[in-house]
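Architecture at a glance
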Amino acid sequence: KIHKWVLTVPLLLIELVLVMGLSRRESIRLSCQLGVASAIMVAAGYPGEVQDELSTRWKWWALAMVPFIFVVITLVVSLGIATTQQPFQVVP
């Protein structure tokens, strides 16, 4: 399962960035940042999933939350900027 998540989660975030209508440079920057951060997030969460000791699981969870929080904050800020740059009315 982990090998699929390490690939699909970054790709989904990159797809989200690409449909935001940002400039090419900004899209590439955000895609790289979010792709790497989400891959680290998934990879850091996996060791905690296979641990038997609860305290070790919580340590890996906390470590995986760092890139998760980065991804969420980056998306919220970027989506807010992209939303303000969109035209007020939809042209048919």
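Structure first, text after, so check above.
Let me sum up the structure you'll find in this document. All residue numbers refer to position in the chain's written sequence, counted from 1. Where totals are concerned, whole chains, interfaces and linings use all residues; where local detail is concerned, this predicted model gives features only for residues with pLDDT of at least 70, and gives and counts side-chain atom pairs only at 80 or more. Heavy atoms from the whole structure form the basis of all side-chain values; hydrogens and water molecules are not counted.

All right, on to the side chain of S78 then. Strands are runs of DSSP state E lasting at least 2 residues, helices are runs of H or I lasting at least 4, and numbering of each runs from the N terminus. Summarising the element assignment, S78 is placed in helix α3 (residues 54-85). Burial status follows relative accessibility: with a 1.4 Å probe on protein chains alone, a residue under 20% of its type maximum counts as buried, one over 50% as exposed, and anything between as partly exposed. Given a relative accessible area of 9%, S78 falls into the buried group.

Within the secondary structure, L34 sits in helix α2 (residues 24-49). If we ignore the near neighbours within four places in the chain, the residues touching L34 are L13, V17, V71, T74 and L75. Any two residues whose heavy atoms approach within 4.5 Å at even a single point are treated as in contact.

Glancing now at the packing of α2 against α3. For helices, the fitted line uses only the C-alpha atoms of the stretch in contact; every axis is such a line through C-alpha atoms, and the angle between N-to-C directions lies from 0 to 180 degrees. Between α2 and α3, the shortest axis-to-axis distance is 8 Å and the interhelical angle comes to 160°. Taken together, the axes of α2 and α3 lie roughly antiparallel to each other. Between α2 and α3 lies a crossing of left-handed hand. In this structure, α2 uses L30, Q33, L34, A37, S38, I40, M41, A44, G45, P47, G48 and E49 to contact α3, whose residues at the interface are R57, W60, L63, A64, P67, F68, F70, V71, T74, L75 and S78. Angles are sorted into four bins: roughly parallel if under 35 degrees, roughly antiparallel if over 145, roughly perpendicular if 65 to 115, and oblique for all others. Throughout, a crossing is termed right-handed when the near helix is turned clockwise from the far one, and left-handed when it is turned anticlockwise from it by less than a right angle.

Paired rings are identified among Phe, Tyr and Trp, the last through its six-membered ring, by centres lying within 6.5 Å, and are further divided according to the angle between planes into stacked (under 30 degrees), edge-to-face (over 60) and tilted (the rest). If you walk through the whole model with that rule in mind, you get 1 aromatic pair. Between W58 and W61, the aromatic rings sit 5.4 Å apart at their centres with planes inclined by 80°, giving edge-to-face as the arrangement. Of this pair, W58 and W61 both sit in helix α3, 3 residues apart, which is roughly one turn of the helix. With a relative accessible area of 51%, W58 lands in the exposed category. Given the relative accessible area of 47%, W61 is considered partly exposed.

Any two side chains of opposite charge can pair if their charged atoms end up close together. Just to be clear on terms, a salt bridge is a Lys or Arg side-chain nitrogen sitting within 4 Å of an Asp or Glu carboxyl oxygen. In the structure shown here, the tally under the stated rule is 1 salt bridge. The residue E26 makes a salt bridge to R29 at a minimum N-O spacing of 2.4 Å. Placement of the pair is E26 and R29 together in helix α2, with a separation of 3 residues, close to one helical turn. Accessibility expressed as a relative area gives 39% for R29, which makes it partly exposed.

Quick look at the nonpolar core now. Only buried Ala, Val, Leu, Ile, Met, Phe, Trp, Tyr and Cys residues count toward a nonpolar core, and they belong to the same one when joined by side-chain atoms within 4.5 Å. Counting 10 residues, the largest nonpolar core consists of L13, V17, M20, L22, L30, L34, A37, V71, L75 and A82. For this core, the secondary-structure elements that each account for two or more residues are α1 (2-18), α2 and α3. Beyond its immediate sequence surroundings of up to four residues, A37 is in contact with P67, F70 and V71.

Assignment of secondary structure puts W60 in helix α3. Along the sequence, W60 and G48 sit 12 residues apart, while their C-alpha atoms lie 4.9 Å from each other. Contact partners of W60, with chain neighbours within four places excluded, come to A44, P47, G48 and Q51.

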